[in-house]
Amino acid sequence: AQRVTQPEKLLSVFKGAPVELKCNYSYSGSPELFWYVQYSRQRLQLLLRHISRESIKGFTADLNKGETSFHLKKPFAQEEDSAMYYCALRVPGNTPLVFGKGTRLSVIA
Amino acid sequence: EPEVTQTPSHQVTQMGQEVILRCVPISNHLYFYWYRQILGQKVEFLVSFYNNEISEKSEIFDDQFSVERPDGSNFTLKIRSTKLEDSAMYFCASAPGPEAFFGQGTRLTVV
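All values reported here derive from a predicted model rather than from experimental measurement.

1. As for the sheet that holds strand 3 (residues 19–24) of chain B
Residue and element names in this part refer to chain B.
Phase 1: Taken in spatial order, the four strands of this open sheet run 1-3-8-7, and their pairing is antiparallel. Both edges of this open sheet fall to strand 1 (5–7) and strand 7 (65–68), since each of them pairs with a single strand only. Between one strand axis and the next, the sheet turns through 20° on average, direction left out of account.
Phase 2: As paired elements, strand 7 and strand 8 (residues 75–79) share four bridges and run antiparallel to each other.

So, in structure tokens, the structure goes:
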């Protein structure tokens, strides 16, 4: 079965510092990978997906098939980045998302 | 911008009672999902629905649960004979394709 691992439950960084939220997955094929974000009292929303290879709000994530990782990075954290971040995987096709446990990012002024 | 909406935002029910959680997906989406998140745990898949039938369900989604799309717009999750361990945040999502759009969730508290 597919599994998504986010090893850090909480990550605290200072404003302006680089951020890396780790995500590893287990799946033998080529998955679709996503990062979802949940700001305080708001719904889960898509931050980015590996297929689009774009940068959203300064965040990027690169799929590393060799390491089965999809870490989320931002060079300079902002206070408004404080939120829960969930890495998710989907087996190609219209299959449901499998989520990691999430990492709470706290950006300290 | 269209959104998935869920009602109620918070539901408190007594153990053994039945609850219905409601969702209005985004209108042109074809795929619908229910997920739940027990406090402090990860978001777990319950069931997916496509073309008016269940397309996939998890081990959690046993006979206690059922889903319906009664009128072409609402998408409901019914939980029969609720247990304390059913207390969780329940999220509905709809999708036109790979990207899923989530509702704000219903917090279910079973007492």
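2. A few points about the interface of chain A and chain B
Phase 1: Contacts between the two partners involve 17 residues from chain A, matched on the other side by 18 residues from chain B.
Phase 2: In terms of surface lost to chain B, no three residues of chain A exceed A:R43, A:N94 and A:P96, which account for 37% of the buried area on that side.
Phase 3: Seen at the junction of chain A and chain B, the total is one salt bridge.
Phase 4: In this structure, B:E3 and A:R43 form a salt bridge, with 3.4 Å as the shortest nitrogen-oxygen distance.
Phase 5: Viewed at the interface, chain B and chain A are joined by seven residue pairs in polar contact (both at pLDDT 80 or more).
Phase 6: Elements that contribute at least two residues to the side of chain A that touches chain B include exactly strand 5 (32–38), strand 6 (45–49) and strand 9 (83–90) of chain A.
Phase 7: When residues in the side of chain A that touches chain B are grouped by element, the largest group, four residues, is from strand 5 of chain A.
Phase 8: When the residues that make up the side of chain A that touches chain B are grouped by side-chain class, the tally is eight nonpolar, four polar and five charged.

3. Structural notes on the nonpolar core
Phase 1: One finds A:W35, A:L47, A:L48, A:F70, A:L72 and A:Y85 to be the most contacted residues of the largest nonpolar core, which totals 25 residues.
Phase 2: Sorting the residues of this core by element identifies strand 2 (10–14), strand 3 (19–21), strand 5, strand 6, strand 9 and strand 11 (103–108) of chain A as the ones contributing at least two each.
Phase 3: Ranked by residues supplied to this core, first place goes to strand 9 of chain A with four residues.
Phase 4: In contact with A:Y85, other than residues within four places in its own chain, are A:Q6, A:L21, A:W35, A:Y36, A:V37, A:L47, A:F59, A:L72, A:G102, A:T103 and A:L105.
Phase 5: Counting 22 residues, the second largest nonpolar core, distinct from the first, contains B:F32, B:W34, B:F49 and B:V110.

4. Side note on the state of the cysteines
Two cysteines joined by a covalent bond between their sulfur atoms form a disulfide.
Phase 1: Applying the stated criterion to the full structure yields two disulfides over all chains.
Phase 2: Each sulfur of the disulfide joining A:C23 and A:C87 lies 2.0 Å from the other. Disulfide A:C23-A:C87: the torsion about the S-S bond is -65°, which places it as left-handed. Residue A:C23 is found in the loop between strand 3 and strand 4 (24–26), and its partner A:C87 is found in strand 9; the two are separated by 64 residues along the sequence. A:C87 matches A:C23 in its accessibility class, with the two residues each being buried.
Phase 3: Here B:C23 engages in a disulfide with B:C92; their sulfurs sit 1.9 Å apart. Between B:C23 and B:C92, the S-S torsion sits near -60°, and that sign places the bridge as left-handed. With B:C23 in strand 3 and B:C92 in strand 9 (residues 88–95), this pair connects stretches of sequence that are 69 residues apart.

5. Quick notes on unusual backbone geometry
Residue and element names in this part refer to chain B.
Phase 1: A cis amide bond links T7 to the next residue, P8, at an omega of -10°.
Phase 2: The backbone of N52 sits at a positive phi, close to 65°, despite the residue not being glycine.
Phase 3: Tracing the sequence through the fold places N52 in the loop between strand 5 (43–50) and strand 6 (53–57).
Phase 4: With a phi close to 45°, S81 is a non-glycine residue in the positive phi region.
Phase 5: Checked against the element boundaries, S81 lands in the loop between strand 8 and strand 9.

Calculation criteria
Residues numbered from 1 in each chain as written. Chains lettered and ligands numbered in written order. Predicted model: local features only at pLDDT ≥ 70, side-chain atom pairs only at ≥ 80, totals over all residues. Heavy atoms only, no water. Pairing = 2+ DSSP bridges. Helix = DSSP H or I, 4+ residues; strand = E, 2+ residues; numbered from the N terminus. Axes fitted to C-alpha atoms, helices over the stretch in contact; angles between N-to-C directions. Contact = heavy atoms within 4.5 Å. Buried area = accessible area lost by both parts, 1.4 Å probe. Salt bridge = Lys/Arg side-chain N within 4 Å of Asp/Glu carboxyl O. Polar contact = N/O pair within 3.5 Å; in protein donor to acceptor, adjacent residues only side chain to side chain. Nonpolar A, V, L, I, M, F, W, Y, C, P; charged D, E, K, R; others polar. Core = buried A, V, L, I, M, F, W, Y, C linked by side-chain atoms within 4.5 Å. Buried < 20%, exposed > 50% of the residue type's maximum accessible area, 1.4 Å probe, protein only. Disulfide = S-S within 2.5 Å.

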